[in-house]
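# Architecture and fold: a report
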Amino acid sequence: MDSDDSFSNHLLNGTVTSLIERQNSSIPSVIVIGGGISGLAAARILHDASFKVILLESRDRLGGRIHTDYSFGCPVDMGASWLHGVCNENPLAPLIRSLGLTLYRTSGDNSVLYDHDLESYMLFDMAGHKVPQQIVIEVGDVFKRILKETEKVRDEHCNDMSVLQAVSIVLDRHPELRQEGLAHEVLQWYICRMEAWFAVDADMISLKCWDQEHVLSGGHGLMVQGYGPVIQALAKDIDIRLNNRVARISNGCNKVMVTVQDGMTFVADAAIITVPLGILKANLIQFEPKLPEWKVSAISDIGVGSENKIALRFDSVFWPNVEFLGIVAPTSYACGYFLNLHKATGHPVLVYMAAGRFAHDLEKLSDESAVNFVMLQLKRMFPDATKPVQYLVSHWGTDPNSLGCYSYDPVGMPEDLYERLRAPLGNLFFGGEALSMENQGSVHGAYSAGVIAAENCQRHLLQRLGNLVKLPPLSFRQGILESTFPLQISRM
Ligand SMILES: Cc1cc2nc3c(=O)[nH]c(=O)nc-3n(C[C@H](O)[C@H](O)[C@H](O)COP(=O)(O)OP(=O)(O)OC[C@H]3O[C@@H](n4cnc5c(N)ncnc54)[C@H](O)[C@@H]3O)c2cc1C
């Protein structure tokens, strides 16, 4: 991948800075930090505009919170797996189309609560008894009514509060909406599903913000071949340095100096930072000069949630042919669900998904204990369940390259938060999913944030270095945009 050796030679370290300037004065250079979809999108734009680009990635792989694992002999996404918004307006649609990737639509609904159709769910209680579908549908309607009532609570209060607090106010006002016994457990399961979207518990979801997201049309589609091919395509021909953990960024004198953990320094006209918010919150990168207080407070004010997956491969399929198997329980914390990859991909794989505090607590267990816990649940539902032949467990919360799964709007979020997060600092630009106010926590949001950061950086450099000879743009992205293939969708 280290293809453009001329740039490598010129940007090796501070000692050759003057050489770079003499030899390449007409070509702006940019360092992109982070090789997730946001960083790759930014690098792609600048590379295609004939800028000198180098991408520094701390892991030994690209993709960040997109991670398609192939060790089961089939693609399994341990990070993002859905395209939220299966439509041509999705900024990723042209690339997915041109790669001929297939989407399996789990829901045609555009709401954040129903990314999976209820028809393809089978719910069980903790003892393994099947929940009648009628109860699932009825409680679903009650849940919608409760949420509708929370809008009134929102209108009555100037200050923000959590969704859970609002739900409890609604239930005090409308005792008829309270659910008992199994119906209560199903209501908890709906709350668990809502928590999964935001990756935090309902007592931390902002009433003011939860339904303000601009969800694209077309519903929600699983990437049948995984997200991996998208990452590979974006990375083509870019000078990428894996295993380069950025430790320090110095910004001054119209140059940015980026130092990686082993001490090597890279110098360029500008840099785009796309590392996860968890990394910035934990101060794992030192900034010189220090980040201003307004930026630091924006980073600390936005929330980062937890989500983890446990993927299990079996010899054969012992579960029914539905997309989801859910477990209802007296609290949303104890509810859970499995995605049946067999239905979408034909491979005998179940993926258990946990979010919020439960996902956080799962990371305290060994992988083996986490799998045993999940298998206990499966055994209750299906006493004949066999042992998995292989398993994978994610640790997004403790992984030092992510420190969380994705961002969410916390209760009482300041209104100018996104503006402050996005604002550049001289030659430093910011990307990453957390900056996408309309589609935070999503792959397409992260992609767009990278594109915007690159375009702003490009404009800034072209203005600053006004006498540039702009080289003709390369054709990669144009080819994609012009592609006329339709999106390939199964289960319409
Ligand atoms: C379990 C899970 C499920 C998800 N499901 C979905 C889904 O179904 N659909 C959807 O749209 N979205 C989903 N998401 C969210 C989506 O994955 C993210 O929003 C998106 O991938 C973030 O991309 P990014 O480029 O902003 O960040 P990242 O992908 O995290 O990229 C940042 C990169 O920076 C690197 N890095 C960190 N520190 C340093 C350093 N010091 N120096 C250099 N590099 C560094 C990291 O290794 C990483 O590669 C999910 C996320 C998770 C965790």
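In the block above lies the structure referred to throughout.
Here goes a summary of the coordinates provided. What you see is a predicted model, and the numbers here were worked out from it, not measured in a lab.

What counts and what doesn't
- Residues numbered from 1 in each chain as written.
- Predicted model: local features only at pLDDT ≥ 70, side-chain atom pairs only at ≥ 80, totals over all residues.
- Core = buried A, V, L, I, M, F, W, Y, C linked by C-beta atoms within 7 Å.
- Buried ≥ 20, exposed ≤ 12 C-beta atoms within 10 Å, placed from the backbone.
- Helix = DSSP H or I, 4+ residues; strand = E, 2+ residues; numbered from the N terminus.
- Pairing = 2+ DSSP bridges.
- Axes fitted to C-alpha atoms, helices over the stretch in contact; angles between N-to-C directions.
- Near = placed C-beta within 6 Å.
- Nonpolar A, V, L, I, M, F, W, Y, C, P; charged D, E, K, R; others polar.
- Parallel < 35°, antiparallel > 145°, perpendicular 65-115°, else oblique.
- Contact = placed C-beta atoms within 7 Å.

## Considering the nonpolar core
Residues Val30, Ile31, Ile33, Val258, Ala271 and Ile272 are the most contacted members of the largest nonpolar core, which totals 133 residues. Here this core takes 10 residues from helix α7 (residues 181–198), the largest share from any one element.

## A look at the sheet that holds strand β23 (residues 488–490)
The strand order β5-β8-β6-β23 describes an open sheet built from 4 strands, whose pairing is mixed. Each of the sheet's edge strands pairs with one partner strand only, and the pair in question is β5 (82–84) and β23. Each strand axis lies, on average, 40 degrees off the axis of its neighbour in the sheet, ignoring direction.

## Structural notes on unusual backbone geometry
Between Glu288 and the following residue, Pro289, the backbone shows a cis peptide bond with an omega angle of -5 degrees. Examined against the element boundaries, Pro289 turns out to sit in the loop between β14 (286–288) and α10 (293–301). Residues other than glycine seldom take positive phi values, yet Ser50 does so here, at roughly 70 degrees. Structurally, the position occupied by Ser50 is in the loop between α3 (37–48) and β2 (52–56).

## Concerning the site of the ligand
Among the 41 residues in the neighbourhood of the ligand, the closest are listed as Gly34, Gly36, Ser38, Gly64 and Ala80. At the level of elements, α3, β5, β16 (307–313) and α15 (443–464) are the ones that each hand at least two residues to the shell around the ligand. When residues in the shell around the ligand are grouped by element, the largest group, 3 residues, is from α3. Of the residues that constitute the shell around the ligand, the class distribution is 17 nonpolar, 17 polar and 7 charged.

## With respect to the packing of helix α5 (residues 133–156) against helix α6 (residues 163–173)
Between α5 and α6, the least distance of the axes is 9 Å, while the angle of their chain directions is 100 degrees. One way to sum up the angle between α5 and α6 is to call them roughly perpendicular. From α5, Ile146, Glu149, Thr150, Val153 and Arg154 reach across to α6, where they touch Val163, Ala166, Val167, Ile169 and Val170. Of the residues contributing to the contact of α5 with α6, the split by class is 7 nonpolar, 1 polar and 2 charged.

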